[in-house]
Amino acid sequence: MREILYKDALVEAMWEEMERDEKVFVMGEDVAIYGGAYGATKGLYEQFGEERVRDTAISESAIVGAAIGAAITGMRPIAEIMYIDFITQAMDQLVNQAAKMRYMFGGKTTVPMVLRTEGGAGRCIAAHHSQSLEAWIMHVPGLYLVMPSTPYDAKGLLKASIRDDNPVVFIEHKMLYGLKGEVPEDDYIIPLGVADIKKEGSDVTIVAYSRQLHVTMEAATELEKDNISAEVIDPRTLKPLDLDTILTSVKKTGKLVIVSEGYKTCNVASEIAMLVMEHGFDLLDAPVKRVCAVDVPVPMSPVLEDAAIPNKQNVINAVKEVCQ
Amino acid sequence: MKESKEELVSYLRKMMEIRLFEEKVMELLARNIIKGASHLYAGEEAVAVGACNAIREDDYITSTHRGHGHCLAKGGKLPEMMAELCGKATGYCKGRGGSMHIADVTKGNLGATGIVCSNVPVAVGAALSVKMRKTEQVVLCFFGDGASNNGVFHESLNMAAVWNLPVVFVCENNLYGMSVAANRCSAVQDMADKAKAYNIPSMICDGMDILNVKETIEKATERARGGDGPIFVECKTYRYFGHSRSDPRAYRTKEEEKEWRDKCPIKQFSKKLTDNKILTEKEIDQIEKQAEEDVENAEKFAIESPYPDVKELKDDIYAPSPSELLNGGAIR
Ligand SMILES: Cc1ncc(C[n+]2csc(CCOP(=O)(O)OP(=O)(O)O)c2C)c(N)n1
Ligand SMILES: [Mg+2]
């Protein structure tokens, strides 16, 4: 199968959906002429023109708010917030408007929009450009949350997100845009709420998503040498969350480690661990472990940044602890 | 020129330091000695140097993501800045902040920020504090043309006007916010027009002419310090490098770049000084050489400095609290 970059898979997804449905359009800072800060909208402006690919001012709140307004009146906007760190400025629109309108209006409206953004550490760009704030999004009823780890997942999930009638927050990872992977040429979608078993195993279940999936896969390979067989599950969408796939795996392994690049306190991992406890406590043979970022603003200095976010060794250590 | 020769020389020297510092940063980025991002100030030197020389040493400034020039102009030191950009323990922020978070609070530089426009309300708050503490300081609030399209910009101007606060809003209009030209994303082309809605008087100056900037900011500061409330100064300027290292600059033309290169604030000011027989070309060369040496020493200092100790990763997240206020054993 052909291999393409994560960022190009994203471009393809938007391109195909814009061709399929003229109501789909893109807006955000530097998405048109520049092609997106990480190149994830490259070529769309040249193909679809400035009516459907709109550079905006630095107005995060209005970008998200306007996407909502367009969505509830018949369009299907894809709004981009360049870094998830800037979503703070748009939180009111996202949390109080996008997430709540349908419910509060008695189910009589839909908000079919995608908010594409990007997060994560790894580039030494410090505390305002390196956060993983997905837990904030997962907390809010009414929002879906998608975090693809591979080009294949990125394309299939973005297409599903665009077609879905709910506000979807789609978080990419800045260290994955240059990742190459197999992506079929033909049209496909990946439904929301379907986890992917990235590696089968029998001794321990590791749940990891976005860039940490790759860190975890490396750890899993190394663990094989110590005769520990890890099953690696990528939920791909954190909301809706495919708990069944996780529980089925835990039933087999009896042990669970969850890996996330977000701050440890109130991390997505905390929620997943609690769900497993509520729905499968009897399946567990050992306490659940979290491997998360240290609770500290992501520092710039390479040595500090490395120490702040999870690495392969952290995952290996956690697995060995639960497998003792 | 009302300034002494000594003052004029110091302005030239400072602008040269900023330019050479930024060129060095560009080089160190390419050599991967500086990791991460840096938004360079080259081209805009006259704004920071003119503005910071129009205020008192105890006045405050708030900076932006393009903050190296502000930091140096407000008295920041080259070695500590370079070390910070390299993420070293000897940097202004112990290597935690890097380019986008540089601050030198001892010099009244309340800090840079990675979030566009997020320091505009902070400047208003500092001005409120000045007013409440009755210290007669002023706050120079730097921000870009792009920032003035952000919601909190408008909230901040309104608040400053309503409370009659001693803040000078200094808009560095370099025609672009990243790749988006102001004429594609702002409804007005003189950002100063935005002040009208809040009843804040404004002035526009040539941001490539240091004496023009200085004079304009002096007038503005006088008003703010005198208790007549906020004022808005727009400086028309241009950034010479791309927005960041990876920017191909496809959104602007080579002709436009050349036109602004010809207006180089350092070249212009050097010429003014030689035309007025204040300095000879030879003396100017010497000043540049000294600045070059200082930048090289800063580079050396930064490279030879150690990285922070990883054991300090969690230091300074919270200020210390006395035991009657805090159970030190509680998880935080
Ligand atoms: C809230 C927010 N939105 C977007 C960005 C990304 N970004 C960084 S600088 C910049 C352009 C800023 O333009 P302007 O205010 O004119 O300052 P300049 O870079 O031209 O000095 C953008 C879009 C950001 N850092 N923060
Ligand atoms: Mg600008």
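Worth saying up front: this structure is predicted, and the values here are computed from it rather than measured.

A.B. asks: Would you mind showing me how to read the overall build of chain B here?
C.D. replies: A tally of helices and strands in chain B yields 12 helices and 7 strands. Computed over C-alpha atoms, the radius of gyration of chain B comes to 20 Å, within 12% of the 20 Å expected from 2.2 N^0.38 for 332 residues, which places it in the range of a compact globule. Considered along the principal axes of its C-alpha atoms, chain B spans approximately 70 × 50 × 40 Å. When each of the 332 residues of chain B is scored for burial, the buried share is 55%. When contacts within chain B are restricted to residue pairs at least 6 apart in sequence, long-range pairs at least 24 apart make up 74% of them. By element, 52% of the accessible surface of chain B is carried by carbon and sulfur atoms, the whole surface being about 14400 Å². Charged side chains in chain B number 45 positive and 50 negative. The centres of these two groups are separated by 2 Å.

A.B. asks: Honestly, the site of ligand 1 in this entry has me stumped. Any pointers?
C.D. replies: Taken together, 21 residues form the shell around ligand 1, and within it Glu60(A), His65(B), Arg66(B), Gly114(B) and Gly146(B) come nearest. Of the chains in the model, those with residues near ligand 1 are chains A and B. At 3.4 Å, a side-chain N or O of Glu29(A) approaches a nitrogen atom of ligand 1. At a separation of 2.7 Å, an oxygen atom of ligand 1 approaches a polar side-chain atom of His65(B). Taking 580 Å² as the accessible area of ligand 1 by itself, protein coverage stands at 98%. Put simply, ligand 1 lies in the largest pocket. Split into classes, the residues belonging to the shell around ligand 1 amount to 8 nonpolar, 9 polar and 4 charged.

A.B. asks: I keep staring at the sheet that holds strand S7 (residues 231-236) of chain B and nothing clicks. Help me out?
C.D. replies: Across a sheet, strands are paired by hydrogen bonds formed along the backbone, either parallel or antiparallel in direction. All names here are of chain B. Pairing is parallel across the open sheet formed by 5 strands, whose spatial order is S1-S2-S3-S7-S6. For this open sheet the edge positions go to strand S1 (60-62) and strand S6 (202-206), each flanked by a neighbour on one side alone. This sheet shows a mean twist of 20° between the axes of neighbouring strands, independent of strand direction. Bridging between strand S2 (residues 139-144) and strand S3 (residues 167-173) involves 6 bridges; their strand directions are parallel.

A.B. asks: Honestly, helix H9 (residues 210-225) of chain B in this entry has me stumped. Any pointers?
C.D. replies: Helix length check: H9(B), at 16 residues, gives a terminal C-alpha distance of 22 Å against a target of 22 Å (1.5 Å per residue), a fit within 8%. Turning to H9(B), its buried residues number three or more, namely Ile210(B), Leu211(B), Val213(B), Lys214(B), Thr216(B), Ile217(B), Ala220(B), Thr221(B) and Ala224(B).

A.B. asks: Just checking my understanding: could you explain the packing of aromatic side chains for this structure?
C.D. replies: The geometry of two aromatic rings is summed up by the distance between their centres and the angle between their planes. Applying the stated criterion across every chain, the model contains 11 aromatic pairs over all chains. An aromatic cluster of three or more residues is present, and its members are Tyr6(A), Tyr38(A), Tyr83(A), Phe86(A) and Tyr177(A). It is Lys88(B) that lies over the ring of Tyr307(B); its NZ or CZ is 4.9 Å from the centre. In this structure, Lys263(B) packs its charged tip against the face of Trp260(B), placed 3.8 Å from the ring centre.

A.B. asks: Got a minute to help me understand the interface of chain B and chain A in this structure?
C.D. replies: By a widespread convention, an interface's size corresponds to the accessible area lost as its parts come together. Counting residues at the interface gives 38 residues for chain B, matched by 33 residues for chain A. For the chain B and chain A pair, buried surface summed over both sides reaches about 2900 Å², with 68% attributable to carbon and sulfur atoms. One can count 1 salt bridge joining chain B with chain A. For Asp55(A), the salt bridge is made with Arg184(B), and the minimal N-O distance between the two is 3.1 Å. One can count 10 residue pairs in polar contact (both at pLDDT 80 or more) joining chain B with chain A.

A.B. asks: What is the right way to read the coordination of the magnesium ion (ligand 2) from this model?
C.D. replies: In an ideal tetrahedron of four donors about a metal, each angle is 109.5 degrees. In an ideal octahedron of six donors, the angles are 90 or 180 degrees. All names here are of chain B. In this structure, Asp145 (OD), Asn174 (OD1) and Tyr176 (O) serve as the protein donors to the magnesium ion (ligand 2), at separations of 2.1 Å. All donors of the magnesium ion (ligand 2) belong to a single chain; written as a sequence motif, their spacing is D-x28-N-x1-Y. Here Tyr176 lies in strand S4 (residues 176-177) and Asp145 lies in the loop between S2 and helix H6 (151-162), a separation of 31 residues in the sequence. A residue is classified by how much of its surface remains accessible, and Asp145, at 2% relative accessible area, is buried.

A.B. asks: What am I meant to see in the environment of Asp58(B) here?
C.D. replies: All names here are of chain B. Secondary-structure assignment places Asp58 in the loop between helix H2 (45-52) and S1. Since its relative accessible area comes to 36%, Asp58 is described here as partly exposed. Expressed as a C-alpha distance, the spacing of Asp58 and Val162, which sit 104 residues apart in the sequence, is 25 Å. At 3.0 Å, the side chain of Asp58 forms a polar contact with the side chain of Arg56.

A.B. asks: Sorry, what's going on with the side chain of Arg252(B) here?
C.D. replies: Residues and elements named next belong to chain B. Note that Arg252 resides in the loop between S7 and helix H10 (254-262). Within polar-contact distance, the side chain of Arg252 engages the backbone oxygen of Arg239 at 3.0 Å. In terms of polar contacts, Arg252 uses its side chain to reach the side chain of Glu257, at 2.7 Å. If near-sequence neighbours (up to four positions away) are discounted, Arg252 is found in contact with Tyr176, Tyr238, Arg239, Tyr240, Phe241 and Glu257.

A.B. asks: When you look at the confidence of the model for chain B in this model, what are you seeing that I'm missing?
C.D. replies: Note that predicted coordinates carrying low pLDDT should not be read in detail. With 100% of its residues at a pLDDT of 70 or more, chain B shows a mean pLDDT of 97. Among the prediction metrics, the complex's ipTM stands at 0.97, with pTM recorded as 0.98.

A.B. asks: So what exactly am I meant to see when it comes to the packing of helix H1 (residues 6-20) of chain A against helix H7 (residues 151-163) of chain A here?
C.D. replies: Each pair of packed helices gets described by two things: the angle between the helix axes and the distance between those axes. Residue and element names in this part refer to chain A. H7 packs onto H1 with a crossing angle of 30° between their chain directions and a minimal axis gap of 8 Å. Between H1 and H7, the angle is such that the two are roughly parallel. Crossing handedness for the pair H1 and H7: right-handed. Along the contact surface, H1 presents Tyr6, Ala9, Leu10, Glu12, Ala13, Met14, Glu16, Glu17 and Arg20, while H7 presents Pro151, Ala154, Lys155, Leu158, Lys159, Ile162 and Arg163.

A.B. asks: When you look at the nonpolar core in this model, what are you seeing that I'm missing?
C.D. replies: As a rule of thumb, nonpolar side chains are buried together in soluble globular proteins. Grouped together as the largest cluster of nonpolar side chains are 161 residues, with contacts concentrated most on Leu10(A), Leu94(A), Met113(A), Leu12(B), Leu140(B) and Phe269(B). The dominant element in this core, judged by the number of residues it contributes, is helix H1 (residues 5-30) of chain B, at 11 residues. Here this core spans two domains, since at least three of its residues come from each of domain 1 (3-182) and domain 2 (196-323) of chain A. Here Leu12(B) is in contact with Ile266(B), Phe269(B), Ser270(B), Leu273(B), Leu279(B), Ile284(B) and Ile287(B), once residues within four sequence places are set aside. Core analysis: the second largest hydrophobic core is formed by 26 residues, Tyr60(B), Val124(B), Val139(B) and Ala182(B) among them.

Reading the values: rules and limits
- Residues numbered from 1 in each chain as written.
- Chains lettered and ligands numbered in written order.
- Predicted model: local features only at pLDDT ≥ 70, side-chain atom pairs only at ≥ 80, totals over all residues.
- Heavy atoms only, no water.
- Helix = DSSP H or I, 4+ residues; strand = E, 2+ residues; numbered from the N terminus.
- Rg over C-alpha atoms; globule rule 2.2 N^0.38 Å.
- Buried < 20%, exposed > 50% of the residue type's maximum accessible area, 1.4 Å probe, protein only.
- Contact = heavy atoms within 4.5 Å.
- Areas by Shrake-Rupley, 256 points an atom, 1.4 Å probe, with all protein chains shown as cover.
- Lys, Arg positive; Asp, Glu negative; His and termini not counted.
- Charge placed at Lys NZ, Arg CZ, Asp CG, Glu CD.
- Near = heavy atom within 4 Å.
- Polar contact = N/O pair within 3.5 Å; in protein donor to acceptor, adjacent residues only side chain to side chain.
- 1 Å grid on protein atoms, 1.4 Å probe; cavity = no way out; pocket = protein on both sides within 12 Å on 5 of 7 lines; lining within 4 Å.
- Sits in = over half its atoms within 2 Å of the grid points.
- Nonpolar A, V, L, I, M, F, W, Y, C, P; charged D, E, K, R; others polar.
- Pairing = 2+ DSSP bridges.
- Axes fitted to C-alpha atoms, helices over the stretch in contact; angles between N-to-C directions.
- Expected span 1.5 Å × (residues − 1).
- Phe/Tyr/Trp six-rings, centres within 6.5 Å; stacked < 30°, edge-to-face > 60°.
- Lys NZ or Arg CZ within 6 Å of the ring centre and 35° of its normal.
- Buried area = accessible area lost by both parts, 1.4 Å probe.
- Salt bridge = Lys/Arg side-chain N within 4 Å of Asp/Glu carboxyl O.
- Donors = N, O, S within 2.8 Å, 3.2 Å for Na, K, Ca; no water.
- pLDDT = per-residue confidence, 0-100.
- Parallel < 35°, antiparallel > 145°, perpendicular 65-115°, else oblique.
- Left-handed = near helix turned anticlockwise from the far one by under 90°.
- Core = buried A, V, L, I, M, F, W, Y, C linked by side-chain atoms within 4.5 Å.
- Domains from an automatic or database assignment.

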